[in-house]
Amino acid sequence: MKVIEKSPTVQERRKAALVPRASLVRWAIIVAIVAVLEFTTRTGMVSQSLMVPPSEILIRLAEIVPTDRFGQDVARTLTTILVSFTIGLVLGVPLGIFLWRVPAAGRILEPFIVTGYAMPTLLFYPVLLAVMGLNAGPIIVIAASMSLIPIALTTMVALNAIKPILHKLANSVSASPRQYYLKVLFPAATPLIFPGVKLGFIYAVIGTVAMEFILASQGVGFRAGFYYRELNTADMWAYIAVVIVLSVLVNGVLTWLEKRIRRDML
Amino acid sequence: MSQIFPIDTVGHDSDVVFDNIGMTFGTKTGVTQAVANVSGVIPEGKFVSVIGPSGCGKSTLLDMVGGLLKPTKGTVSINGETVTGPRRDTAMVFQEDSTLHWRTVLDNVAFGLEVKGVPKADRYESARRMIELVGLSGFEDHRPGQLSGGMKQRVAIARALAMEPRVLLMDEPFGALDQQTRQFIGRELLRIWEKTRNRVLFITHDIQEAVYLSDEVWVMSARPSVVKEVVTIDLPRPRPEGTHTLPRFRELEDHLWELVKVEAEKTLGPGARLA
Amino acid sequence: MSTDVTIPSGIITQQSADRARVIRDNVWRAAVLVALVLLWALLSTMSDLVASPADSLNALAERFADGSIYRHLNATLQAVVIGFLIAAAVGFPLGYAIGRSKFLGAVFDPLVAGAFAIPRVIFFPILLQIFGVGVGAQSAMAALAAVFPIMVSTTAGVRAINPLLPKLARSLSLSPLQTVTKIYIPAMAPSLMVGIRIGFSIAFINVIIAEFFAARAGLGLLALRAYGMLDLPTMYGIIVLLAAIALAGNLVLWAIERRLGNKL
Ligand SMILES: Nc1ncnc2c1ncn2[C@@H]1O[C@H](COP(=O)(O)OP(=O)(O)O)[C@@H](O)[C@H]1O
Ligand SMILES: [Mg+2]
């Protein structure tokens, strides 16, 4: 009996010890990679036209970050991401609800949706450009369409996964349609929808930066491509670093939110 | 069609009355006649249990009283009004866990009242009272994920009781619990019911539980089902712990067992046991 | 005040696909397709920016007839296939290892998730410098794009395995190889397929994006050139071709999924 009572605490202790040790190892790996890059670039094992030493990237960043143009680029990129994601969310959730309410529509449209998922929608860019002009519009349309699909699909799956008993319960207490959605369906589905929303946000980031990279004339994605063409490796890497930091930050915030939202699922 | 039944022939205005109800499901492969014909009355202040082989239509019957399903034949009426949908004076408890995992125990218990539009202070007050009644005091701020199966079912019962239903409908509420827990909660339920004395329709597949709790046990036949026999449980109330050992208790149990065995064999073949 | 006694139909999922329904669904799908083409035709009459479906398909057919498209089709498909295979060869084992070991999971989960969130196309210039302009850089781009989704799904699949299954394997004294092939892979098949599907989609999209940026051959490049020469029918024809490739790829994956599903 004693052993059985004791074992969870031993496991818990082990688990508690695992997390800090793991993050230590993780940071060690990151530092090692940076150190290797620094060493290989400094010694010329990696050509400086391919990559500049990380320390130099930092120096470039310190010069670039305070400039007005940097502020404009970041602001442009962030607003494009946010607007695209908002459109994806506002259209994706109702689409998911529709696909759930009308399962036949979900079945019939699935091949189209999945094909849309694999479609390089950026091919429509020239047309959008001609229609909307050289502004953030075409990028927003493309990034929003990339963001929408995972949101809609996860919403459908999440609503399907709600236990039938909850529908029965809502009915038995005569919940109004409004109460049914707000007090039962959405709270029940949110933890399951959230991974899709997170994916939708990441896709908005990826879509925006990728479009900027190849097509735009502003934004952090554009700068990285621009300096490549200028053969300015240091500035190209500085902007790549900005994109990496931005993406990792966004992902961190979303992961933190996800943990909070899913906490009461257990 | 008249909404009110002649008082003398069928029952009182305040009763739950089943008037020749039947339910036939249309499915892709054809039709399933789940409930053939059920008539009966649950009088004021009575606890009625329904037993019968699995798949005979017990849940269907309960859902029809709760207004979740419309009978394809006949009507159910409560207080003289035909049931056309979920009513505010009925409350249901289901076999599966129906707690809302994102709400605390207190908010779960208050859920029915919240939907009814009861102000916050009032519904919390009732909810707290019910939480105490079902023995969950101290767990108000816990979430269902932190509770055992038995405790979750007590939350569901408290939620139903908080709505102060005139008719309480329970579909195998203890079905997923272990024997010890279900006996314990059964006793608790009875203790609470002695105070509220609302009408209860209680579905179970446990004969002992049915005898211990009820004033009447309705035995349903195999599908398409009818009420084969109504057995009056003439054991005195309140029923203390030793009730199970009374000779009369054993007699009633054996009698019900015989009735049910015949039906179970019809559905599953000879030698089969009650599911 | 709802007296609605119906339960939303979404919760009723019929497992056994009934033949008549499958046919009915396909008729509907065909109808949706026709409607899309009609919409396209309508748009083409309204705007000079949209070529008509007939013109576009003709232009595409011409490219096939004179053989000029094969070089580009080959380049794109090659890059997608090579990149995807590299991503699979790297992503599955790594994802599996991260999923099996609690410690590796704790170390690498945040790294993989962070990498997943980075728009990998940003690294294309570096790939260009390493591999030069050509299929090599496009393949590397596809591999870099597809490897993280494959890892993430594999890890999720390993973790979702019913913990009783490894116990079962031990109780039957299966060899490690048997445990993987007879227990883990079948139990993970659905997640593996998700990873493959997303991996394919992302590899495909990234190859096209990369071709827009710099390429010697490829459908993305061809579309861009067609647009540059204001040859809209060819551009729309290539969009149709890309949609057809995306659909065909997914149909193949579906068929594999169904066969796996039947076997398990
Ligand atoms: N929505 C439905 N559609 C079709 N058949 C149903 C439906 N609900 C129940 N049935 C059928 O009706 C019969 C009775 O079901 P139920 O009331 O759940 O039985 P019990 O609760 O007594 O086990 C079963 O044969 C079941 O398959
Ligand atoms: Mg039942």
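Throughout, residues of each chain are indexed from 1 in the direction in which the sequence is written. Chains and ligands are labelled sequentially in the order written, the chains with letters from A and the ligands with numbers from 1. With the structure being a predicted model, the display of local features is reserved for residues of pLDDT at least 70 and the display and counting of side-chain atom pairs for 80 or more, all residues being used for whole-chain, interface and lining totals. Note that water and hydrogens are dropped before the side-chain values are worked out from all heavy atoms of the structure.

Peer 1: Mind laying out the UniProt feature "transmembrane region" (unreviewed entry) in chain A, listing which residues take part and the relevant values?
Peer 2: Residue and element names in this part refer to chain A. UniProt positions are given in the numbering used here, feature names are shortened, and annotations may be inferred rather than shown by experiment. With numbering aligned to this structure, UniProt lists the feature "transmembrane region" (unreviewed entry) at residues 24-41, 78-100, 112-133, 139-159 and 236-257. For residues 78-100, helix accounts for 100% and strand for 0%, while the C-alpha atoms at its two ends are 32 Å apart. Helix and strand labels come from DSSP, where a helix needs a run of H or I of at least four residues and a strand needs a run of E of at least two; each type is numbered from the N terminus. For the annotated span residues 236-257, helix accounts for 100% and strand for 0% of the residues, and the straight-line distance between the end C-alpha atoms is 32 Å.

Peer 1: An account of the UniProt feature "domain: ABC transporter" (unreviewed entry) in chain B is requested, with residue identities and associated values reported.
Peer 2: Mapped onto the present numbering, the UniProt feature "domain: ABC transporter" (unreviewed entry) falls on residues 16-247 of chain B. Regarding residues 16-247 of chain B, the helix share stands at 31% and the strand share at 28%, and the terminal C-alpha atoms are separated by 32 Å.

Peer 1: Describe the packing of helix H3 (residues 68-101) of chain A against helix H8 (residues 177-215) of chain A, with residues and values.
Peer 2: Residue and element names in this part refer to chain A. Closest axis-to-axis distance for the H3/H8 pair is 8 Å, and the angle between their directions is 140°. For the element pair H3 / H8, the angle class is oblique. Handedness of the H3/H8 crossing: right-handed. For the pair H3 and H8, contact is made by Arg76, Thr77, Thr80, Ile81, Leu82, Ser84, Phe85, Leu89, Ile97, Trp100 and Arg101 and by Tyr180, Tyr181, Leu185, Phe186, Val197, Gly200, Phe201, Ala204, Val205, Thr208, Val209 and Glu212, respectively. Side-chain classes are defined by residue name, with Ala, Val, Leu, Ile, Met, Phe, Trp, Tyr, Cys and Pro counting as nonpolar, Asp, Glu, Lys and Arg as charged, and the others, Gly among them, as polar. Across the contact of H3 with H8, the residue classes break down as 15 nonpolar, five polar and three charged. To obtain each axis, a line is fitted to C-alpha atoms, and for helices this fit is confined to the stretch in contact; angles are then taken between N-to-C directions over 0 to 180 degrees. By definition in this entry, angles of less than 35 degrees are roughly parallel, angles greater than 145 are roughly antiparallel, angles of 65 to 115 are roughly perpendicular, and the rest are oblique. Each crossing is labelled by how the near helix is turned from the far one, with a counterclockwise turn of less than a right angle marking it left-handed and a clockwise turn marking it right-handed. Contacts were defined at the residue level, with two residues in contact if any of their heavy atoms lie within 4.5 Å.

Peer 1: Which residues make up the pattern of salt bridges, and what values do they have?
Peer 2: All names here are of chain B. When a carboxyl oxygen of Asp or Glu lies within 4 Å of a side-chain nitrogen of Lys or Arg, that pair is called a salt bridge. Throughout the structure, instances matching the rule amount to 25 salt bridges over all chains. For Glu251, the salt bridge goes to Arg248, with nearest N and O atoms at 3.0 Å. Here Arg248 and Glu251 lie together in helix H8 (residues 247-268), a separation of three residues that amounts to about one turn. Only protein chains enter the accessibility calculation, which uses a 1.4 Å probe; a residue is then buried when its area is under 20% of its type maximum, exposed when over 50%, and partly exposed in between. Owing to a relative accessible area of 48%, Glu251 belongs among the partly exposed residues under this scheme.

Peer 1: With reference to specific residues and values, describe the domain arrangement of chain A.
Peer 2: The domain limits used here are those given by an automatic or database domain assignment. As far as domains go, chain A holds domain 1 (1-46) and domain 2 (56-265). For domain 1 of chain A versus domain 2 of chain A, the distance between C-alpha centres works out to 31 Å.

Peer 1: Report on the side chain of Ser139(C), specifying residues and quantitative values.
Peer 2: Residue and element names in this part refer to chain C. Its place among the elements puts Ser139 in helix H6 (residues 135-159). According to the relative accessible area criterion, Ser139 is buried, its value standing at 4%. If we skip the residues at most four places from it in the chain, Ser139 touches Gln78, Ala79, Ile82 and Gly83.

Peer 1: Account for the site of ligand 1, naming residues and giving values.
Peer 2: Residue and element names in this part refer to chain B. Surrounding ligand 1, one finds Phe25, Thr27, Ala34, Ser54, Gly55, Cys56, Gly57, Lys58, Ser59, Thr60 and Arg223. Within 3.5 Å is the distance limit for a polar contact, defined as a pair of N or O atoms, with the added protein rule that one can donate a hydrogen and the other accept it, and that residues adjacent in sequence qualify only through two side-chain atoms. Between ligand 1 and Gly57 there is a distance of 3.0 Å, counted from an oxygen atom to a backbone nitrogen or oxygen. At a separation of 3.1 Å, an oxygen atom of ligand 1 approaches a polar side-chain atom of Arg223. The method behind every accessible area is Shrake-Rupley, applied with a 1.4 Å probe, and residues are considered shielded solely by the protein chains displayed. Protein contact buries 62% of the 570 Å² of open area that ligand 1 shows by itself. Those elements that place two or more of their residues in the shell around ligand 1 are strand S1 (16-27) and helix H1 (58-65). Among the elements that make up the shell around ligand 1, the one with the highest residue count is H1 (three residues). Residue composition of the shell around ligand 1, by class: three nonpolar, six polar and two charged. Nearness of a residue to a molecule or strand requires only that one of the residue's heavy atoms be within 4 Å of it.

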